[in-house]
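Here is what each chain is made of, one letter per residue.
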Amino acid sequence: MADLAPLAAALLAFALKAGTRLVLLLDTTLAPASRALRLLREAAPSLPVICFVSCSKAIGRGLTTAGALVANHTPEAVALVGAAAELGALLDVGAKPEQLRALAANHRGVEQRCAAAYAVAAELGAALCAAVEAHAAQPMALAFVSPEHAAAGFTSSTFSFNLPVPAGASAAQAAALAQQFVDALTAPRPTTAQQLLEGEGEVAGHGAPKFKPCVSFGQDNGTVYCTVPATSTQGAVKAEDKAKQAVGGVQLVRLSFPPSLDTVAAARVLHEAVAAIYSAQ
C-alpha cells in the first residue's frame, strides 16, 4: 500500500520534468473506507485521480457483482470516467436495476463493516502468529496493514503470510506446505448438532466457522476465505515471478475475514490447522 502524499508529489514532479500529464489509478477494493480521493485532493489538488472499487465485496456484501470507477474533481479524470461510461453503455455492461437495488440497500454501514472486519482479521492474525510460534518454534510476520493505516481508514480484512519452513523439511515439503495449510483449514468439521451429540456442549458460538477455499474478500456471510495466490489467482503470472513470493520455498497464503465471526472458534480452527501441518513434517 502506497503512502499517497509522497507518491502524489513524486508524480507531479515527474509530470513537470517530463512535460506530460499523468493520471493516478487506485484500486481501493480492499479499503473502500480509506477516503483516498480526499487525501490526494489535499496533497495534490491538480493531480487527476480515478478510484476503482469492486462493489461485489464490502459494499455489496457478496449479494451482487459490480464494479465502479470514481473520478476526482479534475477535468481529466471526469472526462476519462465519462468516456468509460459511454463505452459501457455501448457494450451494455453497466449495472442492471437489480444490481443497483442490492448496492443501494447495502451501501449504508460499509465503513462500520470494514472496521469490524479489520478488527476480526487483526485478532485472528495475532492468534495465527501465536500458534505458528508455538508449533513451529519460529516467529512469523503478516503482510497486513499497520494499526496506523487502519486508523486512517485503510481497514483491510485480508492479510497474507509465508509459513516458516519446518525444521529438516525437503524442498518438496516446503513447496507443498501452503496448500496443506489451506486444506487443513477448509477440511469438513462437525456441526453444532454433531458436537452436542458428542458431548461438546460448551463449544463457543454456533459451531465451527466456515473456512472456504476460494478467492474472495469483504463478504458478510460468516465465511473465512483461504487461498494460495500462486496456484489459484495468478494464472497469467510467470513462474519466476510467483517464485519471488515464496520464502524458503513456501508460497504465500491469503486469508480474508467477514465482519461478524466467532473469533474464539475461528482461532481454534487456525490453531488446529497449524498443529496439524507441523506435526506431520
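Going by the structure above, here's the rest.
Now for a quick tour of the structure. (Residues numbered from 1 in each chain as written. Predicted model: local features only at pLDDT ≥ 70, side-chain atom pairs only at ≥ 80, totals over all residues. Heavy atoms only, no water.)

## Some words on the pattern of salt bridges
Inference 1: For the structure shown, the criterion picks out five salt bridges.
Inference 2: We note a salt bridge from Arg21 to Glu76, for which the minimum N-O separation is 2.3 Å. Here Arg21, found in the loop between helix 1 (4-18) and strand 1 (24-27), pairs with Glu76, found in helix 3 (residues 75-91); they are 55 residues apart in sequence, far enough to count as distant.
Inference 3: You can call Arg21 exposed: its relative accessible area is 52%.
Inference 4: In this structure Glu76 comes out as partly exposed when scored by relative accessible area, which is 30%.
Inference 5: Across the pair Asp220 and Arg61 runs a salt bridge, and its minimum N-O distance is 2.6 Å. You can see Asp220 sitting in the loop between strand 5 (210-213) and strand 6 (223-227) and its partner Arg61 sitting in the loop between strand 2 (49-54) and strand 3 (67-71), a full 159 residues away along the chain.
Inference 6: Owing to a relative accessible area of 28%, Arg61 belongs among the partly exposed residues under this scheme. (Salt bridge = Lys/Arg side-chain N within 4 Å of Asp/Glu carboxyl O. Helix = DSSP H or I, 4+ residues; strand = E, 2+ residues; numbered from the N terminus. Buried < 20%, exposed > 50% of the residue type's maximum accessible area, 1.4 Å probe, protein only.)

## Things to note about the pairing of strand 2
Inference 1: With respect to burial, strand 2 is a largely interior element, five of its six residues being buried.
Inference 2: Bridge count between strand 1 and strand 2: four bridges; the pairing is parallel. Residue pairing in the sheet places Leu24 in a bridge with Val49 of strand 2.
Inference 3: The parallel pair strand 1 and strand 2, bridged by helix 2 (residues 36-43), forms a crossover whose chirality is right-handed.
Inference 4: Note: strand 2 against strand 3, five bridges, orientation antiparallel. Within the sheet, the bridge partner assigned to Phe52 lies in strand 3 and is Leu69. (Pairing = 2+ DSSP bridges. Right-handed = clockwise from strand over helix to strand, strands pointing away.)

## A closer look at the sheet that holds strand 1
Inference 1: Spatial ordering of the open sheet is given by 1-2-3, a layout of three strands whose pairing is mixed. Looking at strand neighbours, the two that pair on one side only are strand 1 and strand 3, the edges of this open sheet. Strand-to-strand twist of the sheet, defined as the mean angle between neighbouring strand axes without regard to direction, takes the value 20 degrees.
Inference 2: Most of the contacts of helix 2 go to strand 2, to which it runs at about 165 degrees, and overall it touches strand 1, strand 2 and strand 3. (Axes fitted to C-alpha atoms, helices over the stretch in contact; angles between N-to-C directions. Contact = heavy atoms within 4.5 Å.)

## Observations regarding the nonpolar core
Inference 1: If you look at the biggest cluster of nonpolar residues, it comprises 34 residues, and the most contacted ones within it are Leu128, Phe161, Leu163, Phe181, Leu185, Leu255 and Phe257.
Inference 2: Sorting the residues of this core by element identifies helix 5 (110-136), strand 4 (158-162), helix 7 (171-186), strand 6, strand 7 (252-256) and helix 11 (263-279) as the ones contributing at least two each.
Inference 3: The element contributing the most residues to this core is helix 5, with eight residues.
Inference 4: Leu24, Ala44, Leu47 and Phe154 belong to the second-largest nonpolar core, a separate cluster that totals twelve residues. (Core = buried A, V, L, I, M, F, W, Y, C linked by side-chain atoms within 4.5 Å.)

## What about the environment of Ser160?
Inference 1: Position of Ser160 relative to the elements: it lies in strand 4.
Inference 2: Assessed through its relative accessible area of 7%, Ser160 is described here as buried.
Inference 3: With 32 residues separating them in the primary sequence, Ser160 and Leu128 have C-alpha atoms 11 Å apart.
Inference 4: Not counting the four nearest positions on each side in its chain, Ser160 is found in contact with Leu142, Ala143, Leu252, Val253 and Arg254.
Inference 5: Separated by 2.9 Å, the side chains of Ser160 and Arg254 make a polar contact. (Polar contact = N/O pair within 3.5 Å; in protein donor to acceptor, adjacent residues only side chain to side chain.)

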